[in-house]
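The residues making up each chain are set out below.
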Amino acid sequence: MSGKTLAEKIIGAHTAKGEVSPGEVVIVKVDYTFSHDAAGPLLINQIKKLNAGSLETDKDRTIFFIDHAVPSPTKELSNDQAKVRNYSLSNGMVLSDAGNGICHQVMAEDYSSPGDLIVGTDSHTCTSGGLGAFATGMGATDIAVAMKLRKTWLRVPESLRVKVEGRLGKGVFAKDLILKTLSHLGTDGATYKSIEFEGPAIDDLDVYGRLTLTNMAVEAGAKTGIIASDEKTRQYLREFDREEEWKPLGADEDAIYESELELDADPLEPQVALPSSPDNVKPVTEVHDVKVNEVFIGSCTNTRIEDMRTVARIFQGQKKAPGLKLIVTPSSQKVYLKCVKEGIVETLINAGAIVTPAGCGVCFGALGGIPADGDVIFSSSNRNFPGRTGNPKADTFLGSPATAAATAIAGIISDPREYL
Amino acid sequence: MSLRSNLPELAKHTLEDARKEFPQSVKEGDFVVAGSNFGMGSSREQAPLVIKMCGVRAVVAKSFARIFYRNAINIGLPAIVCNTAEIDEGDELELRLSEAKLINLTKKIDIDFPKMSKTMEAILNEGGLLPYVEKYGDLLLA
């Protein structure tokens, strides 16, 4: 019997037979199910049509988030949110209300732990893979069924190993590494697969950075991205008073990977994804004279506290470029509060930023910060498809929060290493 | 996003970024034929739902983004992975799911595709995941 990858181990442990191989379709028990204000209304319609199963099981592991458009900018969205809020409260499920944070961030702070199998109605559900969980996004009907039956069907994915040697240099972050990875894989290079990140550079990353890597696994089409659970994972869970949920978990030495990508972190420079695809990537040193009208530092990809501390170091005593719009959205209320206590919010305001409540924000154009025709946005988020930020006549570039901060100061896309 | 809970209104914009006239010109029983990674970038079930609401019988593509694929099956819209190079606009197609065969009646070509897993085929045969679970009361391995 050959060894198992992380995905195979976790999926296997959630099946009746205990062991699985790639390509098999299996029924798995789920540990957490969640939805949000964007998919929740449809999910609730579907759940109401379903007689099978019960809503009484694992109510404390069924979570509804209001995060996509907060505070709600229209009466239609307010009505959607009211539906989600009332449904979860009246059924005794967990409600993470507007302002509490982006679902993936809050899952990683309060719920996900190594070895969990998590399904949610959002493509970036894979973020929790940074904690050694198997987490994947599905549609509303899928999650409606999973909420009631506490199980779902899965095709066991083939695994793709991304092995990263070396160590990220100063001013170079997990975001740069995942953009580099995407430049190799393309937006369909890992379709249906599990991307398993390992190697010295990954061991060296704290969980904050790991969550950025796994978050964008879906940008290569992957079913999930996973990283082994180790002492760094333990330390992270301790920070959130959940150390008892820690366990070590890694792939077997003789696990079989369908393919492998080897990268070296040592020579890696800050990376930028050009319009209009996250795999259209160049080092920042090759992006010249791109004037930017708006900088967004936010989203489930970045703006954890480590990102905010880096950004504050860059903005310390600096001002944004005249006429540039700078919007900063912490990923959760917990991050926001830390930013207040540590003086980060003050630094941001002094730099000329608008600091908004925690939520998805500018990332997908549902509320404030929609660019004007012809605007260029530099964003720390995960997608730059045309129209993603609410105006198809604007162009979006992606990069790390540090690159975004440097860009906001200079007014043109800039290398953060000059500011750190 | 304000239209998200208003499916009939949303359906009027189906695939308009790819083909502006699509919502007006699509007819009951039409096939959508696409290239690679169709449905990229979202978990939103509204995407295949509005395509189905337009009367589309099946979506045929060289490859699909996985969540779109799953959602399509779950709402009872066949999503077929096959070589679409020999299909042109206006060709008449016949889908034989159980034989894993798409027939281009215009060009008189059979296009084979990998057989779907039994679980997926069973879900499609019941018209989607909800009717499937209602019928069997559970999720079962086909």
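Being a predicted model, the structure only gives us computed values, none of them experimental.

Reading the values: rules and limits
- Residues numbered from 1 in each chain as written.
- Chains lettered and ligands numbered in written order.
- Predicted model: local features only at pLDDT ≥ 70, side-chain atom pairs only at ≥ 80, totals over all residues.
- Helix = DSSP H or I, 4+ residues; strand = E, 2+ residues; numbered from the N terminus.
- Rg over C-alpha atoms; globule rule 2.2 N^0.38 Å.
- Buried ≥ 20, exposed ≤ 12 C-beta atoms within 10 Å, placed from the backbone.
- Contact = placed C-beta atoms within 7 Å.
- Pairing = 2+ DSSP bridges.
- Axes fitted to C-alpha atoms, helices over the stretch in contact; angles between N-to-C directions.
- Arc of directions from axis to C-beta.
- Domains from an automatic or database assignment.
- Expected span 1.5 Å × (residues − 1).
- Nonpolar A, V, L, I, M, F, W, Y, C, P; charged D, E, K, R; others polar.
- Parallel < 35°, antiparallel > 145°, perpendicular 65-115°, else oblique.
- Left-handed = near helix turned anticlockwise from the far one by under 90°.
- pLDDT = per-residue confidence, 0-100.

(A) Expanded view of the overall build of chain A. Of regular secondary structure, chain A possesses 13 helices and 18 strands. Taken over C-alpha atoms, the radius of gyration comes to 20 Å for chain A, in line with the 22 Å a tight globule of 420 residues would show. Overall, the C-alpha framework of chain A stretches about 60 × 50 × 40 Å when taken along its three principal axes. Expressed as a percentage of its 420 residues, the buried residues of chain A come to 60%. Of the contacts formed within chain A by residues at least 6 apart in sequence, a portion of 76% connects residues at least 24 apart.

(B) Structural context of the sheet that holds strand β8 (residues 159–165) of chain A. All names here are of chain A. Sheet architecture is open: four strands sit in the order β10-β9-β8-β11, paired in parallel fashion. The open sheet terminates on both sides in strands that have one partner only, identified here as β10 (224–227) and β11 (259–264). Direction aside, neighbouring strands of the sheet carry axes that sit 20° apart on average. Across six bridges, β8 lies against β11 in parallel orientation. Counterpart to Val162 in the pairing with β11 is Leu261. Strands in contact with helix α1 (residues 6–13) are β8, β9 (194–198) and β10; relative to β10, the strand with the most contacts, it is inclined by about 100°. The strands that helix α8 (residues 207–215) touches are β9 and β10; relative to β10, the one it contacts most, it runs at about 155°.

(C) Structural detail: unusual backbone geometry. Residue and element names in this part refer to chain A. Geometrically, the link from Val70 to Pro71 is a cis peptide bond, its omega value of -15° lying close to zero. Considering the arrangement of structural elements, one finds Pro71 in the loop between β3 (62–65) and α3 (75–90). Positive phi outside glycine occurs at Ser299, with the angle close to 90°. Relative to the helices and strands, Ser299 is located in the loop between β14 (294–297) and α10 (305–315).

(D) Structural detail: helix α5 (residues 118–125) of chain B. Among all positions of α5(B), only B:Thr119, B:Met120, B:Ile123 and B:Leu124 are buried. Looking straight down α5(B), one finds its buried side chains confined to an arc of 135°; they lie on one side. Looking at the buried side of α5(B), the elements it contacts are β1 (25–29) and β7 (151–155) of chain A together with α4 (66–74) and α6 (129–136) of chain B.

(E) Molecular detail of the domain arrangement of chain A. Residue and element names in this part refer to chain A. Per the domain assignment, the segments making up chain A are domain 1 (6–264) and domain 2 (271–418). Taking only C-alpha atoms into account, the centre of domain 1 sits 24 Å from that of domain 2. Domain 1 puts 34 residues into the contact, and the matching count from domain 2 is 28 residues. Per-element tally for the side of domain 1 that touches domain 2: the top contributor is helix α6 (residues 174–185), with six residues.

(F) Just α3(A), in detail. Residue and element names in this part refer to chain A. With 16 residues, α3 should cover 22 Å at 1.5 Å per step; its first-to-last C-alpha distance of 22 Å lies within 8% of that length. Listed as buried for α3 are Leu77, Asp80, Gln81, Val84 and Ser88. Angularly, the buried residues of α3 cover 95° about the axis, an arc narrow enough to put them on a single face. Summarising the geometry of α3, the exposed residues directed more than 90 degrees from the buried face are Lys75, Asn79, Asn86 and Ser90. Tucked inside the fold, the buried residues of α3 contact α2 (40–49), β3 and β4 (94–96). Positioned one or two residues after α3, Gly92 has a phi angle of 75°, which is positive.

(G) Examining the interface of chain A and chain B more closely. Contacts between the two partners involve 39 residues from chain A and, on the opposite side, 30 residues from chain B. Breaking the side of chain A that touches chain B down by element, the ones donating at least two residues are β1, α2, α3, α5 (140–149) and β7 of chain A. With five residues, the top contributor of residues to the side of chain A that touches chain B is α5(A). Residues belonging to the side of chain A that touches chain B are distributed by class as follows: 18 nonpolar, 11 polar and 10 charged.

(H) Geometry of the packing of α6(A) against α8(A). All names here are of chain A. Following both chains from N to C, one finds α6 and α8 inclined at 25°, their axes separated by 8 Å at the closest point. Classified by the interaxial angle, the pair formed by α6 and α8 is roughly parallel. When the axes of α6 and α8 are compared, the crossing they make is right-handed. Only Gly209, Arg210, Thr212 and Leu213 of α8 make contact with α6, whose side of the interface consists of Ala174, Lys175, Leu177 and Ile178. In the contact of α6 with α8, the residues fall into four nonpolar, two polar and two charged.

(I) A look at the packing of α10(A) against helix α13 (residues 401–410) of chain A. Residues and elements named next belong to chain A. Close contact between α10 and α13 brings their axes to 9 Å; oriented N to C, the two are set at 25°. Judged by the angle between their axes, α10 and α13 are roughly parallel. You can see that α10 and α13 cross each other, and the crossing is right-handed. Across the interface between the two elements, Asp307, Thr310, Val311, Ile314 and Phe315 of α10 pack against Pro401, Ala402, Ala405 and Ala406 of α13. Across the contact of α10 with α13, the residue classes tally to seven nonpolar, one polar and one charged.

(J) Looking closely at the confidence of the model for chain B. Residue and element names in this part refer to chain B. Averaged over every residue, the pLDDT of chain B is 88; residues scoring 70 or more account for 94%. Model confidence for chain B, summarised as mean pLDDT per element, is weakest for helix α1 (residues 7–11) at 78 and strongest for strand β5 (residues 101–104) at 96. Reported for the predicted complex are a pTM of 0.93 and an ipTM of 0.84.

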